[in-house]
Amino acid sequence: QVQLVESGGGLVQAGGSLRLSCAASGSIFSINAMAWYRQAPGKQREWAAVITDSGSTNYADFVKGRFTISMDGAKNTVYLQMNSLKPEDTAVYYCNALVAKVAGGPTFSYWGQGTQVTVSS
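All figures in this text were calculated on a predicted structure; none of them were measured in a lab. In this convention, every chain numbers its residues from 1, walking through the sequence in written order. Thresholds applied to this predicted model are a pLDDT of at least 70 for local features of residues and 80 or more for the giving and counting of side-chain atom pairs; totals over whole chains, interfaces and linings are not thresholded and use all residues. To get the side-chain values, all heavy atoms of the structure are used, and hydrogens and water are removed first.

Colleague: An account of the overall build of the chain is needed here, citing residue identities and associated values.
Modeller: Only DSSP runs of H or I covering at least 4 residues are called helices, and only runs of E covering at least 2 are called strands; the numbering of each starts at the N terminus. What the chain contains, in helices and strands, is 0 helices and 11 strands. For the chain, the N- to C-terminal ordering of α and β elements is β-β-β-β-β-β-β-β-β-β-β. Only the C-alpha atoms count toward the radius of gyration. The rule for a globule is 2.2 Å times the residue count to the power 0.38. For a compact globule of 121 residues, the expected C-alpha radius of gyration is about 14 Å, and the chain comes in at 14 Å, within 12% of that figure. Along the first, second and third principal axes, the C-alpha atoms of the chain reach 50 × 25 × 25 Å. Accessibility here uses a 1.4 Å probe with only protein chains present; expressed as a share of the type maximum, an area under 20% marks a residue as buried, one over 50% as exposed, and anything in between as partly exposed. With 121 residues in all, the chain has 40% of them scored as buried. Within the chain, counting contacts between residues at least 6 apart in sequence, those at least 24 apart form 55% of the total. Accessible area of the chain: about 6,100 Å², with a carbon and sulfur share of 50%. Contacts are residue-level and defined by heavy atoms, with any inter-residue pair within 4.5 Å sufficient. In these tables, accessible area is a Shrake-Rupley quantity obtained with a 1.4 Å probe, and a residue counts as shielded only by the protein chains included in the view.

Okay, structure coming up:
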């Protein structure tokens, strides 16, 4: 089994910053990619940012220039540095990982439990 544990959420004023972390543990041979999603109240979950094992990154338009995703491969941990936060960034942020449990085996998708980010105006 694989577990993802997020941390770093909280309450911040508009214009402020937060840094989210997500640590993966368990039966992991390799992690192909890790990503952050978010889900605001009454809305569908949406993708925000992704980083691959080679370090390539990609961002949704609504976070470009404000959020930065990074990964520490040795710790199987992904981070999301969020700057210039806006009230519309308020959501539960979820971590996702694509994990191979054995060499050459298939990848499986795992989710964390989510961490609440609230941005006040």
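Colleague: Explain the nonpolar core to me, using residue names and the numbers behind them.
Modeller: In this structure, Met34, Trp36, Leu80, Met82 and Tyr93 are the most contacted members of the largest nonpolar core, which totals 29 residues. Elements with a contribution of two residues or more to this core: strand S1 (2-7), strand S3 (18-26), strand S4 (30-39), strand S5 (46-52), strand S7 (67-72), strand S8 (77-82), strand S9 (91-100) and strand S11 (115-120). Tallying contributions element by element places S9 first for this core, with 5 residues. In this text, buried Ala, Val, Leu, Ile, Met, Phe, Trp, Tyr and Cys residues form a nonpolar core when linked through side-chain atoms within 4.5 Å.

Colleague: Lay out the pairing of S5 with the relevant residues and their values.
Modeller: Should DSSP find at least two bridges between two strands, the strands are taken to pair. One ladder, built from 6 bridges, connects S4 with S5; its direction is antiparallel. If you follow Arg38 over to S5, its bridge partner there is Glu46. Once S4 ends, the chain turns through 6 residues before running back antiparallel as S5, passing Gly42 with a positive phi of about 75°. Summarising the sheet, S5 and strand S6 (residues 57-59) pair through 3 bridges and their orientation is antiparallel. Looking at the pairing, Ile51 lines up with Thr57 of S6. Where S5 folds back onto S6 in an antiparallel hairpin, the turn is made up of 4 residues, including Gly55, whose phi is positive at roughly 95°.

Colleague: So what's going on with the side chain of Asp89? Residues and values would help.
Modeller: Structurally, Asp89 can be placed in the loop between S8 and S9. Residue classification places Asp89 among the buried positions, given a relative accessible area of 0%. Here the side chain of Asp89 touches Arg66 through a polar contact of 2.7 Å, side chain to side chain. Dropping the residues within four chain positions of it, Asp89 is found in contact with Arg38, Arg66, Phe67, Ser84, Val117 and Val119. The term polar contact refers here to a pair of N or O atoms within 3.5 Å; inside protein, the definition further demands a hydrogen-donor-capable atom paired with an acceptor-capable atom, and it admits residues adjacent in sequence only when both atoms are side-chain atoms.

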